[in-house]
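Breakdown of the fold
The residues making up each chain are set out below.
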Amino acid sequence: MPKAKEYDELNISQLPAIEVLSALGYTYISPAEAERQRGNLYNVLLTDTLQSQLTDLNGFTYKGESYNFSEKNIRQAMLDLDEALTDGLVKTNEKIYDTLMLGRSYQEQLHDGTKRSFDLKFVDWETLENNVFHVVDEFAVERQDGQGIVRPDIVLFVNGIPFAAIECKKASIAMKQGISQMLRNQGKNFIPQLFKFTQILMSTNKNETMYATCGTPEKFWSFWKEENDAWLNKEISQCVKGRLATKQDENIISLFHPSRLLELTRFFTLFDNTVKKIARYQQFFAIREIIQTIQETDKNGSRQSGVVWHTQGSGKSLTMVMVAKYILSMMNECHPKVLIVTDRVELDKQIHRTFNHTRLKAHRATTGRNLVDLINSNSADVITTLVHKFDTAAENQKPILSRNIFILVDESHRTQYGELHIKMKKVFPNACYLGFTGTPLMKNEKNTMIKFGKLIHKYTIADGVKDKAIVPLLYEGKMVDQSVNRKAIDNQLEIICRNLNDNQKEEVKKKWSQFERIASSDQRLKLIAFDINEHFKNNYKTQGTQFKAMLATNSKVEAVRYLEAFEELGDLSVAVVVSPPDQREGYTAVDEESKDKVLRFWNRMMERHGTPEAYEDAIKDDFINGDEPDLLIVVDKLLTGFDAPRATVLYIDKPLKEHTLLQAIARVNRLYEGKDYGLIMDYRGLLEKLDEALGMYSGEGGLENFDPQDLKGAIRDVISIIGTLRHYHSCIIEL
């Protein structure tokens, strides 16, 4: 055991961790023995253990006879696993992950002179007991730049392969320090040759732990909350003797129990484009509940269906990917098919993109007939589609009676509860329907949820904020002063009408009132634009931050007018995303200019970008990844299913209520470095009654149909927070 370690850290965190891991079934290996197996301090594989396990785990059968792999192939497999870091840490980690998941194929020279290739595995994912688990402390690794040695506190091995690393700290040291150390050690000059193998990383002290995976930025390290209390308590009773269990003990058991470590690695880890991700606890337990639910049958003998409510921003799309991955992996003997159904084009594109980024190939239905073709294709295991394509499918497809079709319905509180749900059931009468929603179910929807079955799992807004999976939302209601000098207007009208007869006067006054409405609206819009301009310029633009803002407006005309107002002010870079103009949109004769304004804007965008899709994609990409625009103006598009973590302020100047309001404000609740909260600036008085004590909204703001408990923690009023701060300030002064 290590000796040259700071006392508190060693005795209060590191030694208890090794004690618990040993009780879980990890065999302790001293640093000296580990170094002997490695050959030198640069290499990190326990080669003796790995070679022995590859020999024991693998063999092949040829003409009824069993054979072991040749020593040459065993050694080649060890070399193949140890990928070079030429493509960078995460990409190399992904290559190794694929090798661990799928194994490799090696050619053997057979006794009759023929050559055949056979599969070799590195981990026995099916039979836990066939693998060996080791723990090593003070695991000295030579830096890539040759400038010394780095010693992770604890490294965990499966079959001689480093699967996990733990950084232990004393209780007085902030969790951030351990995370910072772990991130530093992954740097190209430090010891990436260790982290290219790792699946789970932990920073811990006895009172707190956080976990992540290879390459995870500090902002996305997560807490773990065990939901299987009976299992945890049983394990604690066996692993922790003669003292009270700590948070560290609990989380080491939850994450590093041998069965959990392999389960998390196999089913709950994925690569989203160039980022490696591991499930948060709510995703893990939701998927476990889903798997348990679909093993049950309903009164018709079909698999039990149900609904999952995970608040927006908590990783709902990735949960759906992991569910599909689990179903396709664990139920492959019954040839399952997974359909992902949404009701918005943007959501369909986003989910299709997410699936393909995670290397789980999805086919996107382009038309109703294409959906029918994909349904009947044996090659399409995962299909994404818009729900309205079932109109065509229901007319052109005989019912498919399989009970092994799983239909994952996104935002299932919307159209899918109605007529189109019936059409889906017509095509797939025996399918298993799993509804996913990011907003709370309204009171009346809780009754209709029976169409999908039971509530399988929920992760509320308050849960997300408490776990720091999303940022809290602050609300500020704004009123724009636009008082009109009524007397001056009346005097001006009298002067204009003084020589007219009564009918002419009436006609002038009628036209004047129409003009006045437009003038008043234009005045209001320009005042709001100025207010937004000053607010963002003074609070965000000058700080040199990367934060951005969105403005939700009531119509395309207003969106373009706002754009012109901001361009006139000249302080912010502003873009607009709207759908193509409808020639039949209602414009009065007085406001004919509005139609021309929208068409002129649209034609400019088409000249610049070519197609509506290219226009929208270019502006979205600039907003998410570029320095400009600062402000994105939208009407309906991008108020749902649009994930831009840098969006920090949402300015609202349009009527919103219920699910649409909850989805809109969630645009600014995503995590981003340096972002402590999202801000809602309301110019429409949408949320007039905010309950300060509970930090929820209710009443006449369009949310009265939700249960208050479901909205708890959703949003806080800036005024109430200022009042609280003043109270605390007074208390401090009195001290």
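The rules we used
- Residues numbered from 1 in each chain as written.
- Predicted model: local features only at pLDDT ≥ 70, side-chain atom pairs only at ≥ 80, totals over all residues.
- Heavy atoms only, no water.
- Patch = residues over 30% accessible without salt bridge, like charges linked within 9 Å, V, L, I, M, F, W, Y side chains within 5 Å.
- Areas by Shrake-Rupley, 256 points an atom, 1.4 Å probe, with all protein chains shown as cover.
- Salt bridge = Lys/Arg side-chain N within 4 Å of Asp/Glu carboxyl O.
- Lys, Arg positive; Asp, Glu negative; His and termini not counted.
- Charge placed at Lys NZ, Arg CZ, Asp CG, Glu CD.
- Helix = DSSP H or I, 4+ residues; strand = E, 2+ residues; numbered from the N terminus.
- Core = buried A, V, L, I, M, F, W, Y, C linked by side-chain atoms within 4.5 Å.
- Buried < 20%, exposed > 50% of the residue type's maximum accessible area, 1.4 Å probe, protein only.
- Contact = heavy atoms within 4.5 Å.

1. Re a negative patch on the surface
There is a patch of like negative charges on the surface, built from Asp621, Asp622, Asp627 and Glu628. Mapping Asp622 onto the fold places it in helix α23 (residues 612-625).

2. Digging into unusual backbone geometry
The residue after Glu628, namely Pro629, is reached through a cis peptide bond having omega 5 degrees. Checked against the element boundaries, Pro629 lands in the loop between α23 and β25 (631-634). Even without being glycine, Lys63 reaches a positive phi, approximately 50 degrees. Along the chain, Lys63 turns up in the loop between β2 (60-62) and β3 (65-67). In this structure, Lys468 takes a positive phi of about 60 degrees despite not being glycine. Mapped onto the fold, Lys468 is located in the loop between α18 (461-466) and β22 (473-477).

3. Digging into the nonpolar core
In terms of nonpolar packing, the biggest core is built from 117 residues, with Leu21 and Phe256 touching the most fellow members. The element best represented in this core is helix α12 (residues 316-330), accounting for 9 residues. Grouped together as the second largest cluster of nonpolar side chains are 60 residues, Phe536, Tyr540, Tyr562 and Ile633 included.

4. Observations regarding the environment of Val155
Note on placement: Val155 falls in strand β9 (residues 154-158). Looking at Val155, the relative accessible area reads 0%, which means it is buried. Taking the C-alpha atoms as reference points, Val155 and Thr198, separated by 43 residues in sequence, lie 9.3 Å from one another. Residues within four places of Val155 in sequence aside, it is in contact with His134, Val135, Val136, Phe139, Pro162, Ala164, Ala165 and Leu194.

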